[in-house]
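Read off the chains here:
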Amino acid sequence: QVQLVESGGGLVQAGGSLRLSCAASGRTFSSHAMGWFRQTPGKEREFVGAINWSGGSTYYADSVKGRFTISRDNAKNTVSLQLNSLKPEDTGVYYCAASRFLDPAQQVNTYHYWGQGTQVTVSS
């Protein structure tokens, strides 16, 4: 069982930065790849990026590649998402998720545990 709690969302102007954090409870954190997704009203949850169990591999959606960076600290049971050069289209609720597997995928149904989400709003 893994419980996830996100923090760090907020309101920022276009071009600005935010850092989202996800704190995980449970002893099996390092056994899960971790992902970040986002969702806006009326749309499906969208893959943003992911990191494998060790932190050695990261994957990003094309829309955020070069602007967002995922990292994890298995000693602290945390995963972070650094958001730079933010655009209004990055607005949404951002969710942290723990995969069923050591290596991540983009599909929502490969993630077993989800946080409650944190709102990111980028103004133009």
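The notes below deal with the structure included here. Residue numbering note: each chain is counted from 1, following its sequence as written. With pLDDT at 70 or above as the cut-off, local features in this predicted model cover only qualifying residues; side-chain atom pairs require 80 or more to be listed or tallied, and sums for whole chains, interfaces and linings still use all residues. The basis for the side-chain values is all heavy atoms of the structure; hydrogens and waters are excluded.

**Quick notes on the state of the cysteines**
The disulfide criterion used throughout: a pair of cysteine sulfur atoms within 2.5 Å. Within this structure, the stated rule accounts for one disulfide. One disulfide in the model links Cys 22 with Cys 96; its S-S distance is 2.1 Å. Its torsion about the S-S bond being -75 degrees, the disulfide of Cys 22 and Cys 96 is classed as left-handed. Within this pair, whereas Cys 22 is found in strand β3 (residues 18–25), its partner Cys 96 is found in strand β9 (residues 92–99), the two being separated by 74 residues in sequence. Each member of the pair, Cys 22 as well as Cys 96, is classed as buried. Think of it this way: any DSSP run of H or I at least four residues long counts as a helix, any run of E at least two long counts as a strand, and we number them from the N terminus. Here the term buried applies to any residue with accessible area under 20% of the maximum for its type, exposed to any over 50%, and partly exposed to those in between, with areas from a 1.4 Å probe on protein chains only.

**Details of the pairing of β3**
Burial of β3 is one-sided: the residues Leu 18, Leu 20, Cys 22 and Ala 24 facing one way are buried, the residues Arg 19, Ser 21, Ala 23 and Ser 25 facing the other way are not. Pairing of β3 with strand β8 (residues 78–83) involves six bridges; the strand directions are antiparallel. Considered in β8, the bridge of Cys 22 is made with Val 79. At least two DSSP bridges between two strands are required for those strands to pair.

**Quick word on the sheet that holds β8**
Strand order in the open sheet formed by four strands is β1-β3-β8-β7, and the pairing between neighbours is antiparallel. The outermost strands of the open sheet, each flanked by one partner alone, are β1 (3–7) and β7 (68–73). When the angles between neighbouring strand axes are averaged without regard to direction, this sheet yields 15 degrees. To define axes, lines are fitted to C-alpha atoms, for helices over the stretch in contact only, and angles between the resulting N-to-C directions are given on a 0 to 180 degree scale.

**A short note on unusual backbone geometry**
A positive phi angle, near 55 degrees, is found at Asn 77, a position not held by glycine. Among the structural elements, Asn 77 can be located in the loop between β7 and β8. On the basis of relative accessibility, which here comes to 18%, the residue Asn 77 falls in the buried class.

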